[in-house]
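# Geometric and topological summary
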Amino acid sequence: MKNEGTTEDAQFQIYCHGPLLHTVQMAQLYQDSKTFVDMKLKNRPEKTMEEFNAFMLKYNDTPTEAEIRDFVDTHFEERGKEFETWVPNDWKENPEFLNAINDPDLKQWGSDLNGIWKELGRKMIEDVHKNPEYYSIIPVDNPVIVPGGRFIEFYYWDSYWIIRGLLYSEMYDTARGMIENFLSIVQRFGYIPNGGRVYYSGRSQPPFLTAMVKAYVDFKKDYSFALEALDTLEHEFEYWMNNHTVQAKGYDVAIYTDASTGPRPESYREDIKTSEDFRTDEDKEQIYTELKAGAESGMDFSSRWFVDENGTNDGGLKNLKTRSIVPVDLNALLYMNAKIIAEFHDKAGNTAKSAEYEAKAARILEAIQAVHWNEEAGVWLDYDMINQKPRNYFVPTNLSPLYTGAFNKSDSERISASVLKYIDDLKLDSYPGGVPNTLAHTGEQWDFPNVWPPMQYILIRGLENLGTPEAKKLSERWGHRWVKSNFEAYKQTQTMFEKYDALRFGGHGGGGEYDVQKGFGWSNGVIIEFLTKYGGDLSLSNSAVSTVSKNTVFSLTVALLISVFGTMLGRSLW
Ligand SMILES: OC[C@H]1O[C@H](O[C@H]2O[C@H](CO)[C@@H](O)[C@H](O)[C@H]2O)[C@H](O)[C@@H](O)[C@@H]1O
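An unreviewed UniProt entry lists the protein under the name Trehalase, with Bactrocera dorsalis given as the organism. Note on the protein: under the UniProt heading Catalytic activity (unreviewed entry), the record states "alpha,alpha-trehalose + H2O = alpha-D-glucose + beta-D-glucose". We quote the UniProt Sequence similarities (unreviewed entry) comment for the protein here in full: "Belongs to the glycosyl hydrolase 37 family."

This is the structure we're talking about:
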């Protein structure tokens, strides 16, 4: 809640929480709930609120849908008004990475993807800076590359893969500008919101800012940028450690959570519906928080966050218990952040500070080992604080410590053997379209059979990082397959999707609360990096199917049958 009577409060009541938002969103004027909260105000927020109060009085608090539509048309402009056309001035027709690609069709695709950056660029008009209270967009100085589709503003963790892609495309100024926006947001708000809208306040996304700075510095060999950013990176790190940690098994561990009130503004009606079976206001508020914590994890939504009465991952959104599950990835990421901050301090000659962050990293590593490593499963697992037990369900993040380096390198051989056995036991190598996000068929978008680019990246780079010949071989195979499968989808549709389908080579994903989105920032970023990495060896003339194991056809048939039966029975059989 903001100070009553202020402009900020009126803006908050319109876009974040209050009767106006409730009235409009429940009237279901638009197919996508996000449309309304992206619209610009025609008058100052205080005046809009005054006129809304008069409007409600006139219609006895029960205006019809047509009257609400009329109110919205009179007081709001269509979405997208905050941007002007912008072509990044550092865009290059022929960045060097294209020369690393041998296959002519893949090279052309790389060039197409490089061209898509121009379509995904957004620059705010001057009026946003002068009159920010008329908009839900968070003003930032530099233009950004957005994910695409309905996502016309920055998203925190998406930007990591977008920035990496930009760096391979040699768009250094755009990449740096986006990082500088994030640094300034941490300085202004203390943390980075989920996305670039005021209605995303109260929750963040997996913390990748420090890794963004590291990526930039590694590309440009420009440590001075890291040193300028260092205070802010520490600030963000401490924000997570101070506001997101709980105790599990006697260790301080981080969880995803949320600090706002009410349903998600951008999915308001959907959250009200989910809360219908909860009786008290307090219980409704609890489920809203679980939903928003799920959004903070980036995996909104997934059986990963369901805990039913038996302590399993069965159920649906009503069973969300995001805040009671200690997530492997968040703790692994915080470990990586502490290590990078220690490295930057070391470069700056701040020996004591460097040691301080090394010690923080060591404590996080100890907690990851004690809370998440599971000898029986042979991998890291999320931890259920309600039932005080590990959650033995597959999510790619179970392998995320490999990517962030949160494992004991001297143990690589042993870890490699057990992780590869885990992959084999779960037949994770058997899906032609990539490794699914979970094995639970719930209809949620972060569940089976959807495959997400950031998770393929973390798996592929993590196995490479593990460093044994077997792990590296699998990493490469999955890398090749991911490129070929994305290419197949592109060849058929001329489109890059936000998510793909494990069961179909070249198939795109679906499910969840909105239609599959096209564009798409992180998908393009991951492919540009992988084309650079594998482009010398990859050829489209090798049959796609030859890149997957011999079990594929059998496993695929079984997977399809289970999916079909699961859908017929209306529940997960996975
Ligand atoms: O409107 C529903 C949700 O949409 C976003 O989440 C999804 O898209 C993001 C942008 O690509 C991505 O970062 C996230 O992982 C996706 O699940 C948004 O981030 C959510 O807060 C929002 O409720």
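## Concerning helix H4 (residues 45-58)
Here H4 contains 14 residues, and its C-alpha end-to-end distance of 20 Å stays within 8% of the 20 Å for a straight helix at 1.5 Å per residue. The complete set of buried residues in H4 reads Pro45, Thr48, Met49, Phe52, Phe55 and Met56. Seen end-on, H4 carries its buried residues on one side only, within an arc spanning 120°. In H4, the exposed residues that point more than 90 degrees away from the buried face are Glu50, Leu57 and Lys58. Those residues of H4 that are buried are in contact with helix H1 (7-15), helix H2 (19-26), strand E1 (40-41), helix H5 (65-75) and strand E2 (76-77).

## Here we look at the environment of Gly506
Looking at the secondary structure, you find Gly506 in the loop between strand E14 (500-501) and helix H20 (521-534). For the pair formed by Gly506 and Lys472, sequence separation is 34 residues and the distance between their alpha carbons is 24 Å. Beyond its immediate chain neighbours, meaning those up to four positions away, Gly506 contacts Ser485, Glu488, Ala489 and Gln492.

## Brief notes about the pattern of salt bridges
Across all of its chains, the model carries 45 salt bridges by this definition. Across the pair Glu170 and Lys92 runs a salt bridge whose closest N-O atoms are separated by 2.5 Å. Here the residue Glu170 occupies a position in the loop between helix H8 (158-168) and helix H9 (172-189), and Lys92 occupies one in the loop between strand E3 (83-84) and helix H6 (104-120), the gap between them amounting to 78 residues. Glu170 gets classed as buried once you look at its relative accessible area, which sits at 15%. According to the relative accessible area criterion, Lys92 is partly exposed, its value standing at 37%. A single salt-bridge network, built from bridges that share partners, covers Lys34, Asp38, Arg79, Glu82, Glu153 and Arg197.

## What to know about the site of the ligand
Within the structure, the ligand sits among 21 residues, and Asp158, Asn194, Glu266, Gly298 and Asp300 are positioned closest to it. One nitrogen or oxygen atom from the side chain of Asp158 is found 2.6 Å from an oxygen atom belonging to the ligand. Measuring from an oxygen atom of the ligand, one finds a side-chain N or O atom of Arg203 at 2.7 Å. The cavity where the ligand resides is the second largest pocket. Here the residues of the shell around the ligand sort into nine nonpolar, five polar and seven charged.

## Section: the packing of helix H19 (residues 469-493) against H20
It is at 10 Å that the axes of H19 and H20 come closest, and there the two elements cross at 125°. Judged by the angle between their axes, H19 and H20 are oblique. Here the hand of the crossing between H19 and H20 comes out left-handed. Residue-level contacts link Ser475, Glu476, Gly479, His480, Trp482, Val483 and Asn486 of H19 to Val526, Ile527, Phe530, Leu531 and Tyr534 of H20. The class makeup of the residues in the contact of H19 with H20 is seven nonpolar, four polar and one charged.

Rules and cut-offs
- Residues numbered from 1 in each chain as written.
- Predicted model: local features only at pLDDT ≥ 70, side-chain atom pairs only at ≥ 80, totals over all residues.
- Heavy atoms only, no water.
- UniProt positions renumbered as here; feature names shortened; annotations may be inferred.
- Helix = DSSP H or I, 4+ residues; strand = E, 2+ residues; numbered from the N terminus.
- Expected span 1.5 Å × (residues − 1).
- Buried < 20%, exposed > 50% of the residue type's maximum accessible area, 1.4 Å probe, protein only.
- Arc of directions from axis to C-beta.
- Contact = heavy atoms within 4.5 Å.
- Salt bridge = Lys/Arg side-chain N within 4 Å of Asp/Glu carboxyl O.
- Near = heavy atom within 4 Å.
- Polar contact = N/O pair within 3.5 Å; in protein donor to acceptor, adjacent residues only side chain to side chain.
- 1 Å grid on protein atoms, 1.4 Å probe; cavity = no way out; pocket = protein on both sides within 12 Å on 5 of 7 lines; lining within 4 Å.
- Sits in = over half its atoms within 2 Å of the grid points.
- Nonpolar A, V, L, I, M, F, W, Y, C, P; charged D, E, K, R; others polar.
- Axes fitted to C-alpha atoms, helices over the stretch in contact; angles between N-to-C directions.
- Parallel < 35°, antiparallel > 145°, perpendicular 65-115°, else oblique.
- Left-handed = near helix turned anticlockwise from the far one by under 90°.

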